[in-house]
Amino acid sequence: MGNPIHQVLNKLSEIYGLVMLLQLGHVPKLVISSVEAAEQILKTFDLEFCTRPSLVGLKCISYNHLDIAFTPYGEYWREMRKICVLELFSTKRVQSFKAVRAEEIDVLIDYILSSSNATHVDVFDKFTSFTHRTICRFLLVARLVIIVGINWLMSGLRKFFMRSWPSRLVSLGRFLCQGGLDY
């Protein structure tokens, strides 16, 4: 293995300047090596840099870019963000899930305490399980109390997490490890 990528890019920026366009793979990459240059470029070309490219792998795991994480910037994304901020991530909604979070944390702590004598504890597996259980419980509770206007959003998210989240997470991990996120 060679030097870490950040060290290689730093040496390249010393030779070629703070802003470089590199061809790594099929898609050109813009490398900005200074905070000032990055701020100026992102202020000037904000709309060009605020969306992700449309890749086949991301299209597959995000139901044709219909989720908030991978949808291109535009009217649909702004509407989804507004719904999430006003309905899902409001202080009142977050506080309503306090009991669910506390119960799931208690389960996780009980497991860690009960396995303290063991020689091997799979922390990744337990945190993954904790995350999945908590998200599913949030979605199930939210499905019961959510207003009709965003019912379609929650049902789509619930289907995504409950039906295929573990397998898609593994697929995404393999995809990323194989260098599939080429943008």
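Residues numbered from 1 in each chain as written. Predicted model: local features only at pLDDT ≥ 70, side-chain atom pairs only at ≥ 80, totals over all residues. Heavy atoms only, no water.

Novice: Can you walk me through the overall build of the protein chain in this structure?
Specialist: A count of helical and extended segments in the protein chain gives nine helices and two strands. Moving toward the C terminus, one meets the helices and strands of the protein chain in the order α-β-β-α-α-α-α-α-α-α-α. Expressed as a percentage of the 183 residues in the protein chain, the buried residues total 23%. (Helix = DSSP H or I, 4+ residues; strand = E, 2+ residues; numbered from the N terminus. Buried < 20%, exposed > 50% of the residue type's maximum accessible area, 1.4 Å probe, protein only.)

Novice: Just to check I follow, could you spell out a nonpolar patch on the surface for this structure?
Specialist: A contiguous nonpolar surface patch, about 640 Å² in accessible area, is contributed by Leu18, Val19, Leu21, Leu30, Leu42, Phe45 and Phe49. Residue position: Phe49 is located in helix H3 (residues 46-49). For Phe49, a relative accessible area of 39% corresponds to the partly exposed category. (Patch = residues over 30% accessible without salt bridge, like charges linked within 9 Å, V, L, I, M, F, W, Y side chains within 5 Å. Areas by Shrake-Rupley, 256 points an atom, 1.4 Å probe, with all protein chains shown as cover. Salt bridge = Lys/Arg side-chain N within 4 Å of Asp/Glu carboxyl O.)

Novice: When you look at the pattern of salt bridges in this model, what are you seeing that I'm missing?
Specialist: It is possible for side chains of opposite charge to pair when their charged atoms get near one another. Applying the stated rule across the entire model yields five salt bridges. For Glu79, the salt bridge identified is with Lys82, shortest N-O distance 3.6 Å. Of this pair, Glu79 and Lys82 both sit in helix H5 (residues 75-88), separated by three residues, roughly a single helical turn. Its salt-bridge partner being Glu103, residue Arg137 comes within 2.7 Å of it at the nearest N-O pair. One end of the pair, Arg137, is in helix H8 (residues 123-145); the other, Glu103, is in helix H7 (residues 98-114), and 34 residues separate them in sequence. Within this structure, Glu103, Glu104, Arg133 and Arg137 form a network of salt bridges that share partners.

Novice: It is not clear to me how the packing of aromatic side chains should be interpreted in this structure. Could you clarify?
Specialist: Pairs of aromatic rings are described using the distance from one ring centre to the other and the angle between the two planes. Throughout the structure, instances matching the rule amount to one aromatic pair. A ring pair is formed by Tyr73 and Trp77, whose centres lie 5.3 Å apart and whose planes are at 45°; its orientation type is tilted. According to the relative accessible area criterion, Trp77 is partly exposed, its value standing at 23%. Sitting over the ring of Tyr111, Lys126 keeps its end group 4.1 Å from the ring centre. (Phe/Tyr/Trp six-rings, centres within 6.5 Å; stacked < 30°, edge-to-face > 60°. Lys NZ or Arg CZ within 6 Å of the ring centre and 35° of its normal.)

Novice: Would you explain H5 in this entry?
Specialist: Helical periodicity: at 3.6 residues per turn, an α-helix aligns residues three or four positions apart in one direction. In a regular helix each residue adds 1.5 Å, so 14 residues correspond to 20 Å; H5 covers 19 Å between its end C-alpha atoms and thus fits that length. For H5, the set of buried residues is Met80, Ile83, Cys84 and Leu88. Here the buried residues of H5 occupy an arc of 100° about the axis, which is enough to place them on one side. Every exposed residue of H5 that faces more than 90 degrees away from the buried side is listed here: Glu75 and Leu86. (Expected span 1.5 Å × (residues − 1). Arc of directions from axis to C-beta.)

Novice: Any chance you could explain the environment of Phe97 here in plain terms?
Specialist: Within the element layout of this structure, Phe97 appears in the loop between helix H6 (91-96) and H7. Residue class for Phe97 comes out buried when judged on its relative accessible area of 8%. Between the C-alpha atoms of Phe97 and Phe138, which are 41 residues apart in sequence, the distance is 6.9 Å.

Novice: So what exactly am I meant to see when it comes to the pairing of strand S2 (residues 28-32) here?
Specialist: Along a regular strand, successive side chains alternate from one face of the sheet to the other. Burial along S2 is one-sided: the residues Lys29 and Val31 are buried and none of Pro28, Leu30 and Ile32 is. Sheet analysis places strand S1 (residues 19-23) next to S2, joined by five bridges and oriented antiparallel. The partner of Leu21 across the bridge, within S2, is Leu30. In textbook terms, the turn of a hairpin is the stretch between consecutive antiparallel strands, and for S1 and S2 this stretch comprises four residues, one of which, Gly25, has a positive phi near 90°. (Pairing = 2+ DSSP bridges.)

Novice: Looking at this model, I keep getting lost on the side chain of Glu104. Mind explaining?
Specialist: Note that Glu104 resides in helix H7. Among residues more than four places away in sequence, those in contact with Glu104 are Phe130, Arg133, Thr134 and Arg137. (Contact = heavy atoms within 4.5 Å.)

Novice: Sorry if this is basic, but what is going on with the confidence of the model for the protein chain here?
Specialist: Low pLDDT marks stretches whose predicted atomic positions should not be read closely. Overall, the prediction assigns the protein chain a mean pLDDT of 76, with 76% of residues at 70 or greater. Across the protein chain, the element-wise mean pLDDT spans from 54 in helix H9 (residues 151-177) up to 90 in S1. Counted against residues more than four places away or in other chains, residues 146-150, with its pLDDT under 50, gives seven contacts. Low pLDDT (under 50) marks residues 176-183, which in the prediction has 16 contacts with non-local residues, meaning those over four places away or in another chain. (pLDDT = per-residue confidence, 0-100.)

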